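Secondary and tertiary structure notes
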Amino acid sequence: MNRIRCDRTPAWGELKNTFDAAGSTFDLRTAFAADAKRFGNFSQTAPHVFADLSKNRIDAATEQLLMTLARQTGLEAHRDAMFAGEAINTTEERAVMHWLLRTPPSDPAMPAQSVHRHMTETLHGVHTTLDAMLAYAEQVRADAAITDVVNIGIGGSDLGPQMAVLALDEFVLPGKRFHFVSNVDGHELAAVLRKVKPESTLFLVASKTFTTIETMTNAQSAKAWFESQGGTDIARHFAALTTNVTAANAFGISTTFGFWDWVGGRYSVWSAIGLPLAMAIGAQGFREFLAGAHDMDEHFRTTPLAQNLPVRLGLLDVWYRNFHGFTSRSVAPYHAALKRYPAYLQQLEMESNGKRVDADRQALPFATSPVVWGEPGTNGQHAYFQMLHQGTDVVPVEFVAVKTPKHTLKGHHTLLLANALAQAQALMLGKSDAGGHKHFTGNRPSTFLLLEELNPTSLGALIALQEHRVFVSGSVWGTNSFDQWGVELGKVLAKDVEKRLISGDAAGLDASTAGLLARLRS
Ligand code: F6P
């Protein structure tokens, strides 16, 4: 498959010229004044999500040029290669098929889109595993003796299910509590163990590899605690969610739900890693979550680039990062239940596209992943929005709002929505005060994503939208968005430092590490 790196395309130079000529001085207020149809032209519906892109520093000609850039880099062929099951994760020689986890059992598009020889059998395997996992989820839901589910996992084996269980809190079965333990810091596990009882707790050990040191350490300690409290029935109180069933069995866990090496950790909430969510919202709810994501997959796979929302968002990310030089994107979900959504997106974007070489191992001469960060609104307004409005850096903000609330408390939701709209408005409009401390420059860009309701379907669509937008920018940049070698060095050094903390051997260490080690041992 022929991918051409963005900086080697004709469109890249044209975008640079466009930026120098008009992009750098683009003013949102002028753009709205000049074009009465700007909102209509720069907003669209996609499955379960409405998106207003009009408050971004972009005009139709620039967006078209970005589409040309995408075509010249081979984005469409790259996308099609992912949906065909080709090994586009080149450094690990793996296919990238998390989308298959949400493909219905008899999808008419399957044979045509697939060049993967065993795709139909693979899909069959996906559904066999899904059915088994959902049957187990229903069994646990019906089991009144199990009141607490403790998910032990980290990174993609934690953030996805944790984010989704919190987001769908209104749909969670009463009487079941869900806990998430990720950190190797024993304070976290100890705090959960203080609250639960062995006879009413189910531990889910979630690890794609079943080797991650944090998860293995927490799982060992949970098992030791369970046994020390007189627990004996490991098969009833422990289950493993992993691609490495052999290691889970060797650990002593016989109840296992598998998945496949073509599911990346940060893309795995749709697999057995989603079991806590399935237990929380039920089999039907989990199927709706998958269906919402599948609708977005189909949108991404088949919609022309100009109306393809993940493509538009991903290209906007490229425009901001490489031409405007914006270094971060702030995420502002105006829904308290989306409190782990920013953390989830952080891993999705930064572990996928935080790369400094292209797929051919050549150093990139341009910037890649922005920093992604944020907090739910309105909390962020009383913390860091000051900097967004008046700081020296321009930070594009991505709002998420939900039209219909699930509560009936009077006045709250209107106030919440008013704040979301007002912040986006203030960022754009600014306020003049002759350059003094009450002066707001305005012209600060934002995107507004709107869901009718926060439910399993819309959450699935929103997350799939984010996955695909990360695919788009990574594809244009020429990175491999599906590996994560950057986490390896720290893991290796931690093993060495752990030994030294025990032995006190500081030989060959840099002076700072040696000094801190000595203090910690004194
Ligand atoms: O941090 C690196 C990483 O491999 C993530 O990509 C992954 O989500 C996390 O560790 C957990 O890995 P595992 O599911 O194999 O325990």
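This text gives an overview of the structure that appears in the document.

Definitions and cut-offs
- Residues numbered from 1 in each chain as written.
- Predicted model: local features only at pLDDT ≥ 70, side-chain atom pairs only at ≥ 80, totals over all residues.
- Heavy atoms only, no water.
- Helix = DSSP H or I, 4+ residues; strand = E, 2+ residues; numbered from the N terminus.
- Contact = heavy atoms within 4.5 Å.
- Polar contact = N/O pair within 3.5 Å; in protein donor to acceptor, adjacent residues only side chain to side chain.
- Salt bridge = Lys/Arg side-chain N within 4 Å of Asp/Glu carboxyl O.
- Buried < 20%, exposed > 50% of the residue type's maximum accessible area, 1.4 Å probe, protein only.
- Core = buried A, V, L, I, M, F, W, Y, C linked by side-chain atoms within 4.5 Å.
- Domains from an automatic or database assignment.

**So, the side chain of serine 473**
With respect to the helices and strands, the residue serine 473 is situated in helix α18 (residues 456–477). In contact with serine 473, not counting residues within four places along its chain, are Gly314, Asp317, Val318, Glu349 and Asn353.

**Describing the environment of aspartate 483**
If you trace the backbone, aspartate 483 turns up in the loop between α18 and α19 (488–503). Sequence spacing of aspartate 483 and histidine 124 is 359 residues, and the spatial spacing of their C-alpha atoms is 26 Å. When near neighbours in sequence (up to four residues on either side) are disregarded, aspartate 483 contacts Asn89, Thr91, Glu92, Arg266, Glu351 and Lys355. In terms of polar contacts, aspartate 483 uses its side chain to reach the side chain of tryptophan 485, at 3.1 Å.

**Quick notes on the pattern of salt bridges**
Applying the stated criterion across every chain yields a total of 26 salt bridges. For the salt bridge of arginine 5 with aspartate 7, the shortest nitrogen-to-oxygen distance reads 2.8 Å. Residue aspartate 7 is classed as partly exposed on the basis of its relative accessible area, which comes to 24%. For aspartate 317, the salt bridge is made with arginine 469, and the minimal N-O distance between the two is 2.7 Å. With aspartate 317 in helix α14 (residues 309–324) and arginine 469 in helix α18, the pair connects residues that are 152 residues apart, well separated along the chain. The burial state of aspartate 317 is the same as that of arginine 469; both residues are buried. Through salt bridges that share partners, Asp317, Arg329, Glu349, Glu398 and Arg469 make up one connected network.

**Describing the nonpolar core**
Residues Leu69, Leu275, Met279, Phe286, Trp319, Tyr341 and Leu459 are the most contacted members of the largest nonpolar core, which totals 114 residues. Per-element tally for this core: the top contributor is helix α13 (residues 275–302), with 13 residues. Residues from two domains meet in this core; each of domain 1 (6–73 + 303–480) and domain 2 (100–278) gives at least three. Apart from residues no more than four positions distant in its own chain, leucine 459 is found in contact with Met163, Ala164, Ala167, Leu168, Phe289, Leu338 and Leu454.

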